[in-house]
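Chain and residue survey
The chain contents come next:
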Amino acid sequence: MAFDSEPLSIASPKGQTHKFTVELALTPPQLELGLMYRDSMPADHGMLFDFGTPRPVMMWMKNTKLPLDMLFLDQKGVVTHIQENAVPYSEAIISSGGPVAYVIELNAGIVRKLGLAVGDTVTSATISGKLGK
């Protein structure tokens, strides 16, 4: 399955900005497949899941070989919850902890390495395009 991609930035309230290239999971089949079956992902890459309207989201790692950090975002692109080091192949449910519009999956360890945190703001064409609506 093919995924389009776009640049994405994560900015902390302290002014630090981190840039990534993310693949876009926009359709139901893409949202379901996500990063399953991938053997590797470059350090500055990830996947942005767009759920359309804010809602509680449940993720899992079934068939996902890569350990991942997950950032859960509200409709404005603000990080509301983070799950670090999701375990490969685990069927344990990872909850968004409330309504979210987006989830970003990055390689495990990136959150700690870059100091990403709840309250950081994410911008990309997908997120910015919906803010004007």
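Report on the accompanying structure. (Residues numbered from 1 in each chain as written. Predicted model: local features only at pLDDT ≥ 70, side-chain atom pairs only at ≥ 80, totals over all residues. Heavy atoms only, no water.)

Across its full length, the protein carries three helices and seven strands. In the protein, the order of α-helices and β-strands from amino to carboxyl end is β-β-α-β-β-β-β-α-β-α. Relative to the globule expectation of 14 Å for 133 residues, the C-alpha radius of gyration of the protein, 13 Å, shows essentially globular dimensions. Principal-axis analysis of the C-alpha atoms places the extent of the protein at approximately 35 × 30 × 25 Å. By the burial criterion, 43% of the 133 residues in the protein qualify as buried. Considering only contacts in the protein between residues 6 or more positions apart, those separated by 24 or more positions represent 70%. Summed over all atoms, the accessible surface of the protein reaches about 6,800 Å², with 56% contributed by carbon and sulfur. (Helix = DSSP H or I, 4+ residues; strand = E, 2+ residues; numbered from the N terminus. Rg over C-alpha atoms; globule rule 2.2 N^0.38 Å. Buried < 20%, exposed > 50% of the residue type's maximum accessible area, 1.4 Å probe, protein only. Contact = heavy atoms within 4.5 Å. Areas by Shrake-Rupley, 256 points an atom, 1.4 Å probe, with all protein chains shown as cover.)

Despite not being glycine, Y37 shows a phi value in the positive range, around 70 degrees. Structurally, Y37 is set in the loop between α1 (28–33) and β3 (45–59). Positive phi, close to 65 degrees, is recorded for N63, a residue that is not glycine.

This part covers a nonpolar patch on the surface. Where nonpolar side chains cluster on the molecular surface, the patch consists of M58, W60 and I93 and spans about 330 Å² of accessible area. By the secondary structure assignment, W60 is in the loop between β3 and β4 (68–73). (Patch = residues over 30% accessible without salt bridge, like charges linked within 9 Å, V, L, I, M, F, W, Y side chains within 5 Å. Salt bridge = Lys/Arg side-chain N within 4 Å of Asp/Glu carboxyl O.)

Considering the arrangement of structural elements, one finds S90 in the loop between β5 (79–86) and β6 (94–107). In this structure S90 comes out as partly exposed when scored by relative accessible area, which is 22%. Along the primary structure S90 and K62 are separated by 28 residues, whereas in three dimensions their C-alpha atoms are 5.5 Å apart. Once you skip the residues sitting within four places of it in the chain, S90 turns out to touch W60, M61 and K62.

Function-wise, these values are silent; they only describe arrangement.
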